[in-house]
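The primary structure of each chain is shown beneath.
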Amino acid sequence: MSGESGVRVVGQSVDEAGTWTTVIGGELVQIPATTEGIRATLSPKRAAEFDLVVARTHAAKLPQVLADWALPAEALAEEDEVIAPLKAGDHSGSIPQDDFDNDGGGER
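Residues numbered from 1 in each chain as written. Predicted model: local features only at pLDDT ≥ 70, side-chain atom pairs only at ≥ 80, totals over all residues. Heavy atoms only, no water.

Here the focus is the pairing of strand β4 (residues 27–32). The side chains of a regular strand alternate between both faces of the sheet. The pairing of strand β3 (residues 19–24) with β4 spans 6 bridges and is classified as antiparallel. Residue pairing for β4: Val-23 is matched across the bridge by Leu-28. Count of turn residues in the β3/β4 antiparallel hairpin: 2 residues, of which Gly-25 carries a positive phi of about 60°. (Pairing = 2+ DSSP bridges. Helix = DSSP H or I, 4+ residues; strand = E, 2+ residues; numbered from the N terminus.)

Okay, here's the thing in structure tokens:
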């Protein structure tokens, strides 16, 4: 990965200032994108838990774990609203993975 500004990681843009820009509630927001920045937003108890989780996370999964910890509660609630129908078996509006070719593009 290059150090260029605007590199896309985990579906969010990353800047060199150590923040991710993502959409929450229809608004662009910046969230911390460094372990130091994320840790600074946490209570001492949550920071200790964060340190333990990060220390035990495989490097390949670290970007997603950091993104999960960086997102505020309202973003997680928004995500739950999107996922809840899928968990309940309502797949209306979803596109089955089989409908995509091997390059990840649709076969429309």
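What follows picks up the thread again.
Membership of the largest hydrophobic core comes to 16 residues, with the highest contact counts inside it found for Trp-20, Ile-38, Leu-42, Phe-50, Leu-66 and Trp-69. Listed by contribution, the elements that provide at least two residues to this core are β3, α2 (44–56) and α3 (62–70). When residues in this core are grouped by element, the largest group, 5 residues, is from α3. Excluding its chain neighbours within four sequence positions, the residues that come into contact with Ile-38 are Pro-32, Phe-50, Leu-66, Trp-69 and Ala-70. (Core = buried A, V, L, I, M, F, W, Y, C linked by side-chain atoms within 4.5 Å. Buried < 20%, exposed > 50% of the residue type's maximum accessible area, 1.4 Å probe, protein only. Contact = heavy atoms within 4.5 Å.)

Here the focus is the environment of Arg-46. Among the structural elements, Arg-46 can be located in helix α2. Taking the relative accessible area as the measure of exposure, Arg-46 reaches 38% and is therefore partly exposed. In this structure, the C-alpha to C-alpha distance between Arg-46 and Trp-69, residues 23 residues apart in sequence, is 9.8 Å.

Moving on to the side chain of Thr-57. With respect to the element layout, Thr-57 can be found in the loop between α2 and α3. Polar contacts involving the side chain of Thr-57 include one to the main-chain carbonyl oxygen of Val-53, which spans 2.6 Å. Discounting chain neighbours no more than four positions away, the residues touching Thr-57 are Leu-62 and Val-65. (Polar contact = N/O pair within 3.5 Å; in protein donor to acceptor, adjacent residues only side chain to side chain.)

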